[in-house]
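A look at the structure
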Amino acid sequence: MKKITMLFVLALAAGTAFSQELRVNTYAGYVFDDKVESYYSATSYYDGKILGGFRWGAGIEYQLPNTTKAFELQYLRQDTTAPVTYLDYDGFGNDVKNTTFDLSTNWIMLNGTNYFPVSEVAEPYFGFGIGMAIFDTYNPDNKNENGATKFAWALRGGSNFWFSEKVGLKVQASLMSAVQGAGGGLYFGTGGAGAGVSTYSTMYQFGFDGGLVFRFPQ
């Protein structure tokens, strides 16, 4: 009897050691305004604000076997506007303009997360991510469109609240940044917006997100 009990315990431990889990996370939330500015020379500068608004997305997360650590491939999307004051220099004279650019941002991130489960219901977490931000911009004054892809990083913290074994609610706060200084900047000017080689600004966006999380034990 003791041998059978011991074998059962060893089998259970082995199964636990190799247990793993896949999750699907959904996101919907609000990000706040962020000021962007750059002054390179008397003929090359801009000053404006990326307005806050709705952000949505989803992620696929893999939890490492028998740990509280996980990795997530995440996609987020935000469509907003950016009122900007900039200098339009055409070689004949300086013309300061005010334009509200249409701006869409696609974030593709690889996030590392560490969970701190305190009960079967509450599962707080903290994480860090790196990836890229893909910007698409449109100048309504001259109908020009352009884009840029920049290195991005993110910090986030929050908690999952499980309704059942497989479905829960995710609530989190996050700080996301697109680093513009490397290889040029997100430039607003005569061409609408694009990858400028002289002026740059770093973008920081703080936001709150909520969504459903689905758990698929393996």
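All residue numbers here refer to positions counted from 1 along the written sequence of the relevant chain. Where local features are concerned, this predicted model is filtered to residues with pLDDT of at least 70; where side-chain atom pairs are given and counted, the filter is 80 or more; whole-chain, interface and lining totals use all residues. The basis for every side-chain value is the complete set of heavy atoms in the structure, and neither hydrogens nor water enter the calculation.

1. Examining the overall build of the protein chain
The following threshold applies: To qualify as a helix, a DSSP run of H or I must reach at least 4 residues; to qualify as a strand, a run of E must reach at least 2; elements of each kind are numbered from the N terminus. Only protein chains enter the area calculation, which uses a 1.4 Å probe; residues under 20% of their type maximum are buried, those over 50% are exposed, and those in between are partly exposed. What makes two residues a contact is simply this: any of their non-hydrogen atoms within 4.5 Å.
Scanning the protein chain from terminus to terminus reveals one helix and 12 strands. Its helices and strands taken in sequence order, the protein chain reads α-β-β-β-β-β-β-β-β-β-β-β-β from the N to the C terminus. Within the protein chain, the proportion of its 218 residues that are buried is 39%. The long-range share in the protein chain, meaning contacts at least 24 apart out of those at least 6 apart in sequence, stands at 66%.

2. Section: the pattern of salt bridges
Which entries qualify depends on this criterion: Salt bridge, as used here, is a side-chain nitrogen of Lys or Arg placed within 4 Å of a carboxyl oxygen of Asp or Glu.
Using the criterion set out here, one finds seven salt bridges in the structure. The shortest N-O distance in the salt bridge between Glu21 and Arg215 comes to 4.0 Å. Of this pair, Glu21 sits in strand 1 (residues 21-31) while Arg215 sits in strand 12 (residues 203-217), and the two are 194 residues apart along the sequence. This pair shows no difference in class: Glu21 is buried, exactly as Arg215 is.

3. Some words on the environment of Asn114
To keep it simple, the criterion reads: In the analysis that follows, any N or O atom pair within 3.5 Å is treated as a polar contact, provided that within protein one partner can donate a hydrogen and the other can accept it, and provided that, for residues neighboring in sequence, both atoms belong to side chains.
By secondary structure assignment, the location of Asn114 is in strand 6 (residues 94-115). Distance from Asn114 to Phe71, taken between C-alpha atoms, is 9.0 Å for residues 43 residues apart in sequence. Residues contacting Asn114, with those up to four places away along its chain left out, are Thr68, Lys69, Pro124, Tyr125 and Phe126. Side chain to side chain, Asn114 and Thr68 meet in a polar contact 2.9 Å long.

4. Remarks on the confidence of the model for the protein chain
Rules: For every residue, the predictor reports its confidence as pLDDT, a number between 0 and 100.
Counting all residues, the mean pLDDT for the protein chain is 81, and 75% of those residues have values of 70 or more. Note that residues 1-18 has pLDDT below 50 and, in this model, four contacts with residues that lie over four places away or in other chains.

5. Section: the packing of aromatic side chains
As a reminder, the rule being used: Two aromatic rings from Phe, Tyr or Trp, using only the six-membered ring of Trp, form a pair when their centres are within 6.5 Å; if the ring planes differ by under 30 degrees the pair is stacked, by over 60 it is edge-to-face, and anything between is tilted. We call a charge positioned above a ring when the Lys NZ or Arg CZ atom is no farther than 6 Å from the ring centre and deviates by at most 35 degrees from the ring normal.
Inspection of the entire model under this criterion finds seven aromatic pairs. Ring centres 6.1 Å apart and planes at 20 degrees place the aromatic pair Phe32 and Phe206 in the stacked group. Of this pair, Phe32 sits in the loop between strand 1 and strand 2 (34-41) while Phe206 sits in strand 12, and the two are 174 residues apart along the sequence. With a relative accessible area of 38%, Phe206 lands in the partly exposed category. With centroids separated by 5.2 Å and ring planes inclined at 85 degrees, the aromatic side chains of Phe206 and Phe208 adopt a geometry described as edge-to-face. Here the basic side chain of Arg23 rests over the ring of Tyr115, its NZ or CZ set 4.8 Å away from the ring centre. One cation-aromatic arrangement involves Arg215 over Trp162; the distance from NZ or CZ to the ring centre is 3.7 Å.

6. Describing the side chain of Asn106
Following the sequence through the fold, Asn106 ends up in strand 6. Among the residues examined, Asn106 registers a relative accessible area of 10% and is labelled buried. Polar contacts involving the side chain of Asn106 include one to the side chain of Tyr75, which spans 2.5 Å. Ignoring sequence-local partners within four residues, the contact set of Asn106 consists of Tyr75, Leu76, Arg77, Met132, Ala133, Ile134 and Asp136.

7. Observations regarding the pairing of strand 8 (residues 144-162)
Test applied: Pairing between strands requires that DSSP locate at least two bridges from one strand to the other.
Where strand 7 (residues 122-139) lies against strand 8, 18 bridges are found, and the strand directions are antiparallel. Counterpart to Gly131 in the pairing with strand 8 is Ala152. Taken together, strand 7 and the strand that follows it, strand 8, pair antiparallel across an intervening segment of four residues, in which Lys143 is found at a positive phi of about 65 degrees. Pairing of strand 8 with strand 9 (residues 167-178), which is carried by 11 bridges, proceeds in the antiparallel orientation. Bridging across to strand 9, Trp153 finds its partner in Ser177. Remark: four residues form the turn of the hairpin made by strand 8 and strand 9, two consecutive strands paired antiparallel.

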